[in-house]
Structure formats: structure tokens, C-alpha cells
Amino acid sequence: MSTRAFITGVSGPALRADERDFLRAQLPWGFILFKRNIETPRQVTALIRELRDSVGEPEAPVLIDQEGGRVQRLGPPHWPVYPPGAAFGVLYDIDPALGLSAARLSARLIAADLADLGLTVDCLPLADVPVAGADAVIGNRAYGTEPKKVAAIARAVTEGLEQGGILPVLKHIPGHGRATADTHFRLPQVDTPKMELELTDFAAFQPLADLPMAMTAHVVFSALDPAHPATTSATIINQVIRGVIGFQGLLMSDDVSMNALSGSIAERTRAIFSAGCDMVLHCNGKLDEMREVAAETPELAGLALDRARRALASRKRAQAFDRGAARAELDVLLERAGTIGA
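Residues numbered from 1 in each chain as written. Predicted model: local features only at pLDDT ≥ 70, side-chain atom pairs only at ≥ 80, totals over all residues. Heavy atoms only, no water.

**A short note on the state of the cysteines**
Right, so step 1: Throughout the structure, instances matching the rule amount to zero disulfides.
Right, so step 2: For the unlinked cysteine Cys 123, the closest cysteine sulfur is that of Cys 283, found at 7.9 Å.
Right, so step 3: Of all cysteine sulfurs, the one in Cys 283 lies closest to Cys 277, which takes part in no disulfide; the gap is 13 Å. (Disulfide = S-S within 2.5 Å.)

Printed below as a string of C-alpha cells:
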């Protein structure tokens, strides 16, 4: 059975009949969940089963953005609160080994929560390097402002996820930290010279180029391509993401429905594939837009199919784990850094 090269959200906590019909006909490669899809553990498990049943694939990838801090789709009362990425950076500055340990523990605990539900992919870690004056959309989601530190913490987060049997998605490649606007609402332009970008923003992603999947940034880098954001720029995808950074895994767009992108949903989808992305991500659950995406999305084939297969094959078996002990250890580390509730 051939799947199509898109990942889609749905509108609510259970599939509607028209959504089920659409999914059966169009066969997306994977799915992504948001807070509108989440009520209780039993309900989420049932929804994931429905989604996979609709495409006839019991192992179809189901993604979520579960970072901690402001970006946490699973939350109280059924799931615990996790610290934002900046908490690990604070602890890292006190003692790098402890910062890395906390990042790994937090990700391992998140992975356990996701695995309980049948989720298999977390859109984490971030390797974005924020600068003074940038929009707060990244803010304390970032691990720090120094590329080596950011990459080290992102690697620890990756290890925690993988130890729990969850696949990571590196974001937002080649860097969202300098953006002066929230891409949900408008398109940011970064005018930083290429050499400086290579020493900072891109440098944080290079040590993570072996990760199986990555998500693009809807950001214009005028020194490289003044006309297109990275998501729809063949120049940036070929020369920077695949070239300078060296990422060879599955490349998905950030959400095609964000206002940072221009044109109709169909035009955006065509532009994303033309630029060289392997997969389009559509998040808002609006069926009319989902149909537009599907109409412009090819079957997953060729190099994109190879990358998708390699990504799924890289998923590791979850290791034995004492959740209570890990949570207690994480809390001790965060308390030591004075970052609980950061």
C-alpha cells in the first residue's frame, strides 16, 4: 500500500466519519496530535488506534510536540508538567554533566508518557539559538545561546527520547532563533551575514545532522535567499540543510497552514515539495485544507521513501526504566539549579 508524503492533524478527540473517509482514501504517512485531540489517556489511545486503522498501518507514525514548558500538548491532570529547555541550560552553566543529565532524564520521562499512549515521535529537540531582540516564540524553549552548548543538550534530549523508544524530530532547521516574528502569524526575515550564520545558527545543527528527522524553519535568510523562507527555498535546503549542516534524514516542513507562508494551501504545498522537502506537515485539522494538501502531495517514493524507511527503522526498543526514581532525580537536579517552575 502506497502512502502519501504528508502528515496531518485531525479536528478533535475522535475521528469524524468524513475525516475517516478522507484518511482511507488519501493514506497520509503519519499523524500529529494537538491539545484539541487530547482528553484522557484512554481517549488518546483510542484515537491513535483509529488513526492507524484508517490507513491500515498499525505502525503509522503519530507525532506530538511535547517539549515541556510552554509547548506541552499532554498536561495536567493526567500528565506531569516538564521544565522548559532553558532550565537545562541554567543547570548546564552550573555543571555541564548535571545539565545534560537533567535534559536526558526529562526526555526519558516524556518518552515514557508518549509510549504509554502509543505515540512514537516527539517533535524535539530544538537546536535554535536565540539572540537578543528576537521574537519570544522560541524564548525559554531554547537550551542556550551558545551553539556547542545547545547541540550538547539537544543530543542529551535525543538520547532520552531514544532510550524510551521515541523517535526525535530536530527543529527548526537551519535555525529559528533570530526570527523577529512568530511564524504562526507572519514571515520573519533574518539579515545576518552567511559567515555569522554558519558560526552560530547552523553550527548548533551540525553535530545533530545524524538525527533521523528534522523540521524546517519558516524564516527568510536574506544573505542566502531573499525571496523564500527556508521551507520553500531550494537554495537553503540543498546548500545549507543538506550541504553546510549535512543533514541527510527525512526533512518535513513546519506547518503548511502557518501565516508565514504565502499563497493558497495548494500553492504552499507545491512550493514545499519543489524546494526539496520530503514531507509536508499540516496541523490545524481543517478538512478543506487537508484535501488541498493531499491533492498536491505525491506518493512517498524514491529518496524520500528511503529516508522515511531509515527514520522508522532507527527507532530503538525502550530500555528498562524506573519512572518514579527518574522523576525524583530530575526534581533534585532542577531544585539545585533553582529552576523548578521556570
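That shown, we press on.
**A look at empty space enclosed by the protein**
Right, so step 1: One pass over the full model with this rule turns up two cavities of 30 Å³ or more.
Right, so step 2: Of the pockets and cavities examined, the largest cavity occupies roughly 100 Å³.
Right, so step 3: In terms of lining residues, the largest cavity is bounded by 15 residues, among which Glu 67, Gly 85, Phe 88, Leu 124 and Tyr 143 are the most central.
Right, so step 4: Broken down by secondary-structure element, the contributors of at least two residues to the lining of the largest cavity are β4 (66-68), α3 (85-94) and α4 (96-117).
Right, so step 5: When the residues that make up the lining of the largest cavity are grouped by side-chain class, the tally is ten nonpolar, three polar and two charged. (1 Å grid on protein atoms, 1.4 Å probe; cavity = no way out; pocket = protein on both sides within 12 Å on 5 of 7 lines; lining within 4 Å. Points joined across faces, edges and corners; volume = space filled by probe spheres on them. Helix = DSSP H or I, 4+ residues; strand = E, 2+ residues; numbered from the N terminus. Nonpolar A, V, L, I, M, F, W, Y, C, P; charged D, E, K, R; others polar.)

**Digging into the pairing of strand β10 (residues 213-216)**
Taken residue by residue, a regular strand's side chains alternate between the two faces of the sheet.
Right, so step 1: Residues of β10 alternate between two faces, with Met 213 and Met 215 on one and Ala 214 and Thr 216 on the opposite face, all of them buried.
Right, so step 2: Sheet topology note: the strand β8 (residues 170-173)/β10 ladder contains three bridges and is parallel. Of the residues in β10, the one forming a bridge with Lys 171 is Met 215.
Right, so step 3: Bridge analysis of β10 against strand β12 (residues 250-255) gives three bridges, and the strand direction is parallel. Looking at the pairing, Met 213 lines up with Leu 250 of β12. (Buried < 20%, exposed > 50% of the residue type's maximum accessible area, 1.4 Å probe, protein only. Pairing = 2+ DSSP bridges.)

**A word on the layout of surface pockets**
Right, so step 1: When its volume is computed, the largest pocket comes out at roughly 480 Å³.
Right, so step 2: Taken together, 24 residues form the lining of the largest pocket, with Phe 34, Arg 73, His 184, Asp 254 and Met 258 sitting closest to its centre.
Right, so step 3: Counting residues per element, the ones that place at least two in the lining of the largest pocket are β8 and β12.
Right, so step 4: For the lining of the largest pocket, a count of residues per class yields eight nonpolar, six polar and ten charged.

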